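The primary structure of each chain is shown beneath.
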Amino acid sequence: MSAHIIHGLLSQTGGPEVIKKLTVPFPTVQPGDVVIKTDYLGVNFIDTYFRQGLYPLKSFPAGIGKETAGTVVALPTDPTVLADPDFQKLGLKVGNKVAADQLGSHSTYISVPWTVVYPIPAGVSTLTGAAALLQGLTALTFAEEAYAIQKGDTVLIHTAAGGLGLLLVQLAKARGATVIGTTSTPEKAEIAKANGVDHIILYKNENTEQRVLELTNGEGVDAVFDGVGKDTFELDLNILRRKGTLVSIGNASGAIPPFQPLRLSAKNIKLCRPMMSNYVYTPAEKYNYSQQLFKLIATDALKIKVFQEYPFTAEGVQQAQKDLVTGKTIGKLVIKVD
């Protein structure tokens, strides 16, 4: 193991230019840590939230990224950890493929607590592991717990051709729902329809509210899954049916402004702003949901689309974040570690 590693860092909050790449000493390995040589790094909107300061960081420079996949090079040394049934259930060995969910983990090597490590089964690559972990667990838990999609439901999924959108579409369709998806271009529309969207709305050219009400005979949808945020919040309230549920996933257009909760009572709307990490909080939850996710992927029941691989350079990571927020991407963005 090298005494030094290449680490992606934020020098301060701001635009993509604050992303730097530095050689730093290898971090102290704690007795309960797993050391991983990374192959691929997942790029997510949450990375841009930390960079912009929407989600605060304690100090700078600060590590970037939250999603990685690679190979185990060292296991925990703590006897208590090694004897823990939840750890043993993972079946970790040196050389195993794994994914990890840890803030600041975009680096050539990482040392992370065993509780944030997810085994990748045979037949699933580390590329797919990095592309699937966060968005896959988010889609799976949100479709199960934030709003349990049922057969016969009609749901609307914003940005249906994005990385998370495509996964939500596939899960909703597999559960027997009618899926309405919004997207920006005909090219994205074709991708969304190929993954299960029944009715596509090109929101730049069509009146989304009018189309949804037409498609639902004026009643509205049972649930909206919305990663856009500020720009679509009012629309969401208008297109939900009585007793509908708004699952607010993210803030791509900015945070939802303050509003009076009394507004929800007009149709008894439920508003949920979940975090995936609170659905996979315990080791048992992490294991059970990740096993479901990777089984769906391994059996091709859930398809992971990678938009592009970027080099692990300051310029490469900057470009990935720029591309992510422009709305031109289809599927997942990943960084390849040489």
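As the structure is a prediction and not an experimental result, all values here were calculated from the model.

### Overview of the UniProt feature "domain: Enoyl reductase (ER)" (unreviewed entry) in the chain
Working step 1: Taking the UniProt record as the reference, the feature "domain: Enoyl reductase (ER)" (unreviewed entry) is found at residues 14-335.
Working step 2: End C-alpha to end C-alpha, residues 14-335 measures 21 Å, and it is 34% helix and 26% strand.

### What about the pairing of strand E15 (residues 306-311)?
Working step 1: Taken together, the 5 bridges between E15 and strand E16 (residues 332-336) define a ladder with parallel strand orientation. Each residue of the ladder has a partner; that of Tyr310, found in E16, is Ile335.
Working step 2: For the handedness criterion, the β-α-β arrangement of E15, helix H11 (residues 314-326) and E16 is classed as right-handed.

### Quick word on the domain arrangement of the chain
Working step 1: Split into domains, the chain comes out as domain 1 (4-134 + 277-336) and domain 2 (150-273).
Working step 2: On a C-alpha basis, the centres of domain 1 and domain 2 stand 28 Å from each other.
Working step 3: With 17 residues of domain 1 in contact, the opposing surface of domain 2 contributes 17 residues.
Working step 4: For the domain 1 and domain 2 pair, buried surface summed over both sides reaches about 1,100 Å², with 62% attributable to carbon and sulfur atoms.
Working step 5: The three residues of domain 1 that bury the most area against domain 2 are Tyr49, Leu302 and Ile330, which together make up 38% of that side's buried surface.
Working step 6: Linking domain 1 with domain 2 are 0 salt bridges, by the criterion used here.
Working step 7: The tally of links from domain 1 across to domain 2 stands at 6 residue pairs in polar contact (both at pLDDT 80 or more).
Working step 8: Considered class by class, the residues forming the side of domain 1 that touches domain 2 number 10 nonpolar, 3 polar and 4 charged.

### Thoughts on the sheet that holds strand E12 (residues 221-226)
Working step 1: Taken in spatial order, the 6 strands of this open sheet run E11-E10-E9-E12-E13-E14, and their pairing is parallel. The strands lining the two open edges of the sheet, one partner per strand, are strand E11 (199-202) and strand E14 (270-272). The mean angle between the axes of side-by-side strands here comes to 15 degrees, regardless of whether they run parallel or antiparallel.
Working step 2: Here strand E9 (residues 154-157) runs beside E12; their pairing, made up of 3 bridges, is parallel. Bridge pairing in E12 places Leu156 opposite Val224.

Rules used throughout
Residues numbered from 1 in each chain as written. Predicted model: local features only at pLDDT ≥ 70, side-chain atom pairs only at ≥ 80, totals over all residues. Heavy atoms only, no water. UniProt positions renumbered as here; feature names shortened; annotations may be inferred. Helix = DSSP H or I, 4+ residues; strand = E, 2+ residues; numbered from the N terminus. Pairing = 2+ DSSP bridges. Right-handed = clockwise from strand over helix to strand, strands pointing away. Domains from an automatic or database assignment. Contact = heavy atoms within 4.5 Å. Buried area = accessible area lost by both parts, 1.4 Å probe. Salt bridge = Lys/Arg side-chain N within 4 Å of Asp/Glu carboxyl O. Polar contact = N/O pair within 3.5 Å; in protein donor to acceptor, adjacent residues only side chain to side chain. Nonpolar A, V, L, I, M, F, W, Y, C, P; charged D, E, K, R; others polar. Axes fitted to C-alpha atoms, helices over the stretch in contact; angles between N-to-C directions.

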